[in-house]
Amino acid sequence: MFTECKITEIFFMADEFCKFFDSTVKKYSVEDKGRAPRRPYHRASTLSNSEVMVIMILFHNSGYRCLKHFYLEYVCKHLRHLFPKVVSYNRFVELEKDVAFPLALFIKKVLCGKCTGITFVDSTPLRVCRNQRIHMHEVFKGIAARGKCSMGWFFGFKLHIVCNEKGEILNFCVTAGDVDDRKPLENKRFLSEIYGKVVGDKGYISRQLFQHLFVDGIQLITKLKNNMKGALMTVSDRLLLRKRTIIETLNDELKNIAQVEHSRHRAIHNFIVSLLAGIAAYCLFPKKPTINMQFYTDNQLTLF
């Protein structure tokens, strides 16, 4: 759980970003002057978007498994001095969908790390229900899809993540469960700020993808399958392949600590906000999985 000083720091960053976001949207919005403005159906909420963002981030770092219990028993009672104008839980759930877009930009522009030349890429499944309930599932019908990972078949989505050796998330995207792991790497926007070496597992093996990334100054490093011929590889690249566990640990913390995966979603926008809040909570963790690296002048890489 974050301390009170840390909560205040997170709220300051989120509030400053929301002010800038709202001013930018208002500046470039087009007003319809030919029709009188309609009276809003709901009155303005007493809880700001930045406060909703902070509460969602706190939930994914609190250890609570139920958002309703966390909001009613912890926020409304123990954090009332930090959030004096709390609303009912039903109203809070309605306000979640309004922070999806600003929360995504907040992560991309403020919380994400910087590329250092060594990047790890991987995908992890986000199951939305058990396989026995696929035909009865209605919330993500037509959106989620069946996919297969190293743990078997699943129904849901895939979370694609790239991180550096410090455990900082550089970029992420969500696709349906049946999308190939190599597909996001073909999009230049996904690797727009990535350079140097990108380390992946055997699922990213592709000669065409390697050539496509090499033109953009990115070297894709993967293990070889058993039926493939051997290839020359430097000692540093072999050591980097052995250190791919850093992104596996990152995925484990996202699922087991930040709770980005569960089967209790009742709306698509709540799923998006919950996923983004979990990623934001991980970005604010004080301790992340890291690799201590030291480069020597003789082009040798030492990991310890």
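## Focus: the overall build of the chain
Broken down by element type, the chain carries nine helices and eight strands. Against the 2.2 N^0.38 benchmark of 19 Å for 304 residues, the chain shows a C-alpha radius of gyration of 22 Å, consistent with a compact globule. In terms of its C-alpha atoms, the chain occupies a principal-axis envelope of roughly 70 × 50 × 45 Å. Total accessible area on the chain stands at roughly 17900 Å², and carbon and sulfur atoms take up 53% of it. Of the charged side chains in the chain, 46 are positive and 29 negative; the average position of the first set lies 4 Å away from that of the second.

## A closer look at the packing of aromatic side chains
Two measures describe an aromatic ring pair: the distance that separates the ring centres and the angle between the ring planes. With the rule as written, the count across this model stands at 14 aromatic pairs. Here phenylalanine 140 and phenylalanine 157 contribute two aromatic rings whose centre-to-centre distance is 5.5 Å and whose plane-to-plane angle is 80 degrees, an arrangement assigned as edge-to-face. With phenylalanine 140 in the loop between strand S1 (118-127) and strand S2 (145-149) and phenylalanine 157 in strand S3 (residues 152-164), this pair connects stretches of sequence that are 17 residues apart. Of the residues examined, phenylalanine 157 reaches a relative accessible area of 6% and is grouped as buried. Judged by centre distance (5.6 Å) and plane angle (70 degrees), the rings of tyrosine 282 and phenylalanine 285 are edge-to-face. Per residue, the accessibility class of tyrosine 282 equals that of phenylalanine 285, and both read buried. When the ring centre of phenylalanine 172 is taken as reference, the NZ or CZ atom of lysine 108 above it lies at 4.5 Å.

## Details of the pairing of strand S4 (residues 169-176)
Along S4, seven of the eight residues are buried, which leaves the element largely enclosed by surrounding structure. Pairing of S3 with S4 involves seven bridges; the strand directions are antiparallel. Within S4, the position partnered with histidine 160 by the bridge is cysteine 173. Between S3 and S4, which pair antiparallel and follow one another directly, the connecting turn spans four residues, one of which, glycine 167, has a positive phi of 80 degrees.

## Some details on the nonpolar core
Counting residues in hydrophobic clusters, the biggest one holds 74 residues, and the most contacted among them are Tyr71, Phe92, Leu103, Ile107, Phe120, Leu254 and Ile279. Ranked by the residues each element gives to this core, the list is headed by helix H9 (residues 268-283), at 10 residues. Filtering out sequence-adjacent residues up to four positions away, tyrosine 71 remains in contact with Leu47, Ile55, Cys76, Val86, Val87, Ser88, Tyr89 and Phe92. In terms of nonpolar packing, the next biggest core, distinct from the first, is built from 15 residues, Val121, Ile194, Val198 and Leu213 among them.

## Some thoughts on helix H8 (residues 245-256)
Its 12 residues give H8 an end-to-end C-alpha distance of 16 Å, which sits within 8% of 16 Å, the value for a rise of 1.5 Å per residue. Contacts from the buried residues of H8 go to S1, S3, S4 and H9.

## Comments concerning the side chain of lysine 255
Along the chain, lysine 255 falls in helix H8. Apart from residues lying up to four places away in sequence, lysine 255 is in contact with Thr124, Pro125, Arg127, Val260 and Glu261.

## Description of the packing of helix H2 (residues 49-59) against helix H4 (residues 89-96)
Running from amino to carboxyl end, H2 crosses H4 at an angle of 100 degrees, the nearest separation of the two axes being 10 Å. In this view, H2 runs roughly perpendicular relative to H4, as classed from their interaxial angle. Within the contact between the two elements, H2 uses Val52, Ile55 and Met56 and H4 uses Phe92, Leu95 and Glu96. The residue makeup of the contact of H2 with H4, split by class, is five nonpolar, no polar and one charged.

Criteria and thresholds
- Residues numbered from 1 in each chain as written.
- Predicted model: local features only at pLDDT ≥ 70, side-chain atom pairs only at ≥ 80, totals over all residues.
- Heavy atoms only, no water.
- Helix = DSSP H or I, 4+ residues; strand = E, 2+ residues; numbered from the N terminus.
- Rg over C-alpha atoms; globule rule 2.2 N^0.38 Å.
- Areas by Shrake-Rupley, 256 points an atom, 1.4 Å probe, with all protein chains shown as cover.
- Lys, Arg positive; Asp, Glu negative; His and termini not counted.
- Charge placed at Lys NZ, Arg CZ, Asp CG, Glu CD.
- Phe/Tyr/Trp six-rings, centres within 6.5 Å; stacked < 30°, edge-to-face > 60°.
- Buried < 20%, exposed > 50% of the residue type's maximum accessible area, 1.4 Å probe, protein only.
- Lys NZ or Arg CZ within 6 Å of the ring centre and 35° of its normal.
- Pairing = 2+ DSSP bridges.
- Core = buried A, V, L, I, M, F, W, Y, C linked by side-chain atoms within 4.5 Å.
- Contact = heavy atoms within 4.5 Å.
- Expected span 1.5 Å × (residues − 1).
- Axes fitted to C-alpha atoms, helices over the stretch in contact; angles between N-to-C directions.
- Parallel < 35°, antiparallel > 145°, perpendicular 65-115°, else oblique.
- Nonpolar A, V, L, I, M, F, W, Y, C, P; charged D, E, K, R; others polar.

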